[in-house]
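# Residue-level structure breakdown
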Amino acid sequence: MNTIEQKKIFISYSWSTPEHGDWVLSLAHQLMGDGVEVVLDKWDLKEGQDKFHFMETMVTSPEIDKVLMICDRKYAEKADIRVGGVGTETQIITPQVYNQVRQEKFIPVVAEVDSDGHAFLPTYLKSLIYIDLSSESSYAMEYEKLLRNIYNRPSLSKPKLGQAPSYLLEDSHVSYKTTSMIRGMDAQLDKFPVRVNLFVKDFLAEFDKNLLDFSIDSPADSYLEIGEQIMDKLTQYQPLRDDYLHFTDKLFRDDRNFDVNIVIRFFENLPLHLSPRSEGYRQWKTGQFDHFKLISHELFIYTIAIALKHDNLRVLEELLLTKYFLKRVDQTDQNSSIMITCAIILIC
């Protein structure tokens, strides 16, 4: 069963020579044989009819799916100087080509080329893609291209539009300044090795400042909901945590003889996150800051593990044998700090 919709076309050409007329007639017969209804003056223009009205109707009629303009030397010349029937059709077609949305309705079909192989095309058609039926060797292939164009059945069809990959819908990780500091870490320390302690201080200070982003400013009413808030914060915290791991890995791997006391003071300051660090808090709930306990313990364990990974005994000795003075904000007075002495116990 033929499920392709029937198409109707009009052929515009120049009465150049009897041979060219036969060529156009042969093309029309071939198209008719392939199911395309062809409107041709030799068949459809009768005595007593207005030929100019006929031409205008064929060019502008919505019933005509395509207009084939058979281009040879004479057609190009007459179209350019607006002479004869071709000139009249050109005056009708030109604004259609330039102004209409459906420019694809008009198909230049080249029947003759010059000695250099260049197609004879009217000036107003030079920018359009054409079908070249001037060569016997490529006629069959080009004719199939023409037929596919008329029926709107291209040999290569545009694939069906799919959906965006699901991973694009996932939330993007927040980028921190610590990330860019790590990228330039090796280059900066190779160029200015004496600045290693300043770099370590700056990185850990920036990391500590970014930890404030994971405070729960408006805790939920129930402990269960607070727990959910804490899980969300810990999930969001992972990219920042990974920055610390990359930084520590680079630092301990090459050592660079940095002052380990800078890292120790960083750990001493971490307990400050266990209670409000701004005067905006007037009250808070139990457990609201407990996730910073996990963060602090995890960071210390990772730090020891990375030092072991790189056999950095100097750093291990300093971290494990030091007495830490942990800073905390007194819950009775947010503006005062107390120093707590504790010993770090290594469990093997």
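Residues numbered from 1 in each chain as written. Predicted model: local features only at pLDDT ≥ 70, side-chain atom pairs only at ≥ 80, totals over all residues. Heavy atoms only, no water.

## Here we look at the pairing of strand E1 (residues 7-12)
Applied cut-off: The buried label goes to any residue with under 20% of its type's maximum accessible area, the exposed label to any with over 50%, and the partly exposed label to all in between, with areas taken from a 1.4 Å probe on protein chains only. Helix and strand assignments come from DSSP, with helices taken as H or I runs of at least 4 residues and strands as E runs of at least 2, each series counted from the N terminus. Any two strands with at least two DSSP bridges between them are considered paired. Assignment of crossover handedness uses the view with strands pointing away from the viewer, where a clockwise path from the first strand over the helix to the second indicates a right-handed crossover.
In terms of burial, E1 is largely enclosed, as 5 of its 6 residues are buried. In the sheet, E1 pairs with strand E2 (residues 36-39) via 4 bridges, with the strands oriented parallel. When the bridges of E2 are listed, Phe10 appears paired with Val39. Each parallel crossover has a hand, and the one from E1 via helix H1 (residues 18-33) to E2 is right-handed. When E1 meets strand E3 (residues 66-71), the two strands line up parallel, connected through 4 bridges. Bridging across to E3, Ile9 finds its partner in Lys66.

## Some thoughts on the pattern of salt bridges
Our working rule: Within this document, salt bridges are pairs made up of a side-chain nitrogen of Lys or Arg and a carboxyl oxygen of Asp or Glu, the two lying within 4 Å of each other.
The full count for this structure, using the stated rule, is 15 salt bridges. Across the pair Lys145 and Glu142 runs a salt bridge, and its minimum N-O distance is 3.0 Å. Here Glu142 and Lys145 lie together in helix H6 (residues 136-151), a separation of 3 residues that amounts to about one turn. The buried category is assigned to Glu142, whose relative accessible area is 10%. A salt bridge links Lys309 to Asp249; its shortest N-O distance comes to 2.9 Å. Taken together, the positions of Lys309 in helix H12 (residues 291-309) and Asp249 in helix H10 (residues 223-254) put the pair 60 residues apart, joining distant regions of the chain. When salt bridges with common partners are traced through the structure, they connect Asp186, Asp190, Lys250, Arg253, Asp254 and Arg256 into a single cluster.

Any functional reading would require information that these geometric values do not contain.
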